[in-house]
Amino acid sequence: AKTQEHNSYKFFDEAMHAQSLNRLNLEIDLRKSLEQEAFTIYYQPIFELTNHRLIGFEALVRWQHPTRGLIFPNNFISVTEETGMIVLLDRWIFYKACQQMAEWKHKFANCFPLKISINLSAKDLSKPDLIQAIDSTLAKTGLDGDSIILEITENILIEDIDQTIDLLAQLASRHIQISIDDFGTGYSSLSYLHKLPVHTLKIDRTFVEKIQTENCQYKVVSTILALSKQLGLTVVAEGIETARQLQQLQQLGCQFGQGYLFSHPLAATDIEATFLQGD
Ligand code: C2E
Ligand code: CA
Ligand code: CA
Ligand code: CA
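Computed from a prediction, not measured in an experiment: that's the story for all the values here.

A. Representation of the environment of G142. Inspection of the secondary structure puts G142 in the loop between α5 (130-141) and β5 (148-153). A residue is classified by how much of its surface remains accessible, and G142, at 58% relative accessible area, is exposed.

Given below as structure tokens:
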């Protein structure tokens, strides 16, 4: 028994070692890629559900790995958050997405107004120079604040409520809107919603997924929609994949949505070819 214990310990230790080596390699790769700007942004169109009118895009980062190809955020965002690299990455994305929107606004004026939704992580919000960085990007790209929606998760909001109120007020004065991402999956402390200048709730994909088959998910979605109506909030459903899900959401009065049923996230050139037309 003793040797077995010893062996299993050794095995565990080696597995741990391999894991931390992997992580270290990932971290080194990410640092290099950040320097070389080896990231790209995909854009997923967001629509008004009743008339299929395009209202904007969500910016979603992809990592162009030198040997492993295009890597999705779920495989690297957590490491960038733990190391603090997310702040640099998100600022780069914020700049690039604003630049892209300003270019599209110029080139496809007749398709506008459209809004760009950009994801921010908790780390971004705690940096005292966030507003300064945003102002600098607005000035450099010429994009107006009212073209921008920042997506943040609800857990961030309640961490330091006073600081959050102050920050959101500064964003509001620039006409930048706030959207609560993955709504329903976090603490969902409803009490903060009417205290903060929040504009939109995004219904998480997990609720949309089983809206037809599971009564509980259906109830969550209808409750979120009823709540937002009372509070005067806009709702965007994410992850709409089937016509039946769309139908159900429409019946419940959901106004906006995104998902594979309409379009996958696409590279900028594909967005231009498919969703934007010149005069
Ligand atoms: P999220 O903000 O909740 O983004 C929605 C995710 O759902 C995206 O995954 C999108 O590609 C995916 N999606 C959209 N429609 C459908 C659908 O119909 N079916 C299914 N199965 N999936 C759909 P993605 O691009 O892999 O991003 C994953 C997460 O990574 C995002 O979740 C977000 O939390 C994070 N993320 C992405 N880009 C950024 C970024 O620039 N900054 C930060 N901080 N986080 C980001
Ligand atoms: Ca999002
Ligand atoms: Ca989401
Ligand atoms: Ca999500």
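Structure's up, so let's keep going.
B. How the structure looks around α5. For α5, spanning 12 residues, the distance from its first C-alpha to its last is 17 Å, which sits close to the expected 16 Å at 1.5 Å a residue. Looking at α5, one finds that the buried residues are L130, I131, I134, T137, L138 and T141. Relative to the axis of α5, the buried residues are bounded by an arc of 125° and lie together on one face. In α5, the exposed positions that point more than 90 degrees away from the buried face belong to Q132, A139 and K140. Check the buried side of α5 and you find it contacts α3 (85-107), α4 (122-125), β5 and α7 (161-172). Just past α5, the residue G142 takes up positive phi, approximately 75°.

C. A look at the coordination of the calcium ion (ligand 3). The calcium ion (ligand 3) binds to the protein through D181 (OD), D182 (OD), E238 (OE) and E238 (OE), with metal-donor distances spanning 2.2 to 2.5 Å. Sequence spacing of the donors to the calcium ion (ligand 3): D-D-x55-E. A separation of 3.9 Å is found between the calcium ion (ligand 3) and the calcium ion (ligand 2), both of which receive a donor from D181. A relative accessible area of 8% places D181 in the buried class.

Cut-off values and rules
- Residues numbered from 1 in each chain as written.
- Chains lettered and ligands numbered in written order.
- Predicted model: local features only at pLDDT ≥ 70, side-chain atom pairs only at ≥ 80, totals over all residues.
- Heavy atoms only, no water.
- Helix = DSSP H or I, 4+ residues; strand = E, 2+ residues; numbered from the N terminus.
- Buried < 20%, exposed > 50% of the residue type's maximum accessible area, 1.4 Å probe, protein only.
- Expected span 1.5 Å × (residues − 1).
- Arc of directions from axis to C-beta.
- Contact = heavy atoms within 4.5 Å.
- Donors = N, O, S within 2.8 Å, 3.2 Å for Na, K, Ca; no water.

Taken by themselves, the reported measurements are silent on function.
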